[in-house]
Amino acid sequence: MEKVLILLLVALAVAYAVPDPRGIIINLDEGELCLNSAQCTSKCCHREDGLSLARCAPKASENSECSAFTLYGIYYKCPCERGLTCNVDKTIVGSITNTNFGVCLDLGRATE
C-alpha cells in the first residue's frame, strides 16, 4: 500500500512540475480532439457529422452559420463570437437533434 501511495505522489509531483499552460484535457488548441466545448480555449467542440471525431474550432464570425447554445457541448456549427447573436428559430426537434442553425448577427448594428 505504501508503494502505491509513493508512486501516486511521484506521478502528481511530475504532473505539477510541468509549467506548460496548455493542458492535455483542458485548454486545447484549435484542431485538437475534444469531448466537450469546455475543453477548448475557443469554447467550441465541432464535428462535421454524427460519425466524425469532434475537434476544437474557432467560433463563428458575423454572417456565418451558427448554432444556439446546446447542453451536449458538441456543435455541428460553432456558436457566435463575443458580441454577436445567433439569429435562429429554435424548435423542440432541433434542440433534441442539435440542428437549430442560424446566422451570426450584430444586433447593435442591425437596429441602427
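Since we're looking at a predicted model, the values are computed, not measured.

A separate point is the state of the cysteines. Summed over all chains, the structure comprises five disulfides. If you count the bonded cysteines of the chain from the N-terminus, they pair up as 1-4, 2-5, 3-7, 6-9, 8-10.

With that out of the way, let us pick up the side chain of Gln-39. By the element assignment, Gln-39 lies in the loop between α1 (2-17) and β1 (45-46). Judged by relative accessible area, which is 14%, Gln-39 ranks as buried. From its side chain, Gln-39 meets the backbone nitrogen of Leu-35 in a polar contact 2.5 Å long. Here Gln-39 is in contact with Ile-25, Ile-26, Asn-27, Leu-28 and Cys-34, once residues within four sequence places are set aside.

What follows concerns the packing of aromatic side chains. Per the stated rule, a full pass over the model turns up zero aromatic pairs. Positioned above the aromatic ring of Phe-101 is the side chain of Lys-77, whose terminal nitrogen or guanidinium carbon lies 5.8 Å from the ring centre.

What follows is about the sheet that holds strand β5 (residues 101-105). A sheet is described by the order of its strands in space; here three strands give the open sequence β3-β5-β4, paired in antiparallel fashion. Edge positions in the open sheet fall to β3 (65-67) and β4 (85-87), since each of these has one partner strand only. Direction aside, the axes of adjacent strands within the sheet are offset by 55° on average.

To continue, consider the UniProt feature "disulfide bond" in the chain. Disulfide Cys-34/Cys-45 (UniProt): S-S 2.0 Å, present in this structure. Of the two residues, Cys-34 is situated in the loop between α1 and β1 and Cys-45 in strand β1; the sequence distance between them amounts to eleven residues. Pair check on accessibility: Cys-34 and Cys-45 agree, each one buried. The UniProt disulfide joining Cys-66 and Cys-86 is present here, with an S-S separation of 2.0 Å. Of this pair, Cys-66 sits in strand β3 while Cys-86 sits in strand β4, and the two are 20 residues apart along the sequence.

Scoring rules and cut-offs
Residues numbered from 1 in each chain as written. Predicted model: local features only at pLDDT ≥ 70, side-chain atom pairs only at ≥ 80, totals over all residues. Heavy atoms only, no water. Disulfide = S-S within 2.5 Å. Helix = DSSP H or I, 4+ residues; strand = E, 2+ residues; numbered from the N terminus. Buried < 20%, exposed > 50% of the residue type's maximum accessible area, 1.4 Å probe, protein only. Polar contact = N/O pair within 3.5 Å; in protein donor to acceptor, adjacent residues only side chain to side chain. Contact = heavy atoms within 4.5 Å. Phe/Tyr/Trp six-rings, centres within 6.5 Å; stacked < 30°, edge-to-face > 60°. Lys NZ or Arg CZ within 6 Å of the ring centre and 35° of its normal. Pairing = 2+ DSSP bridges. Axes fitted to C-alpha atoms, helices over the stretch in contact; angles between N-to-C directions. UniProt positions renumbered as here; feature names shortened; annotations may be inferred.

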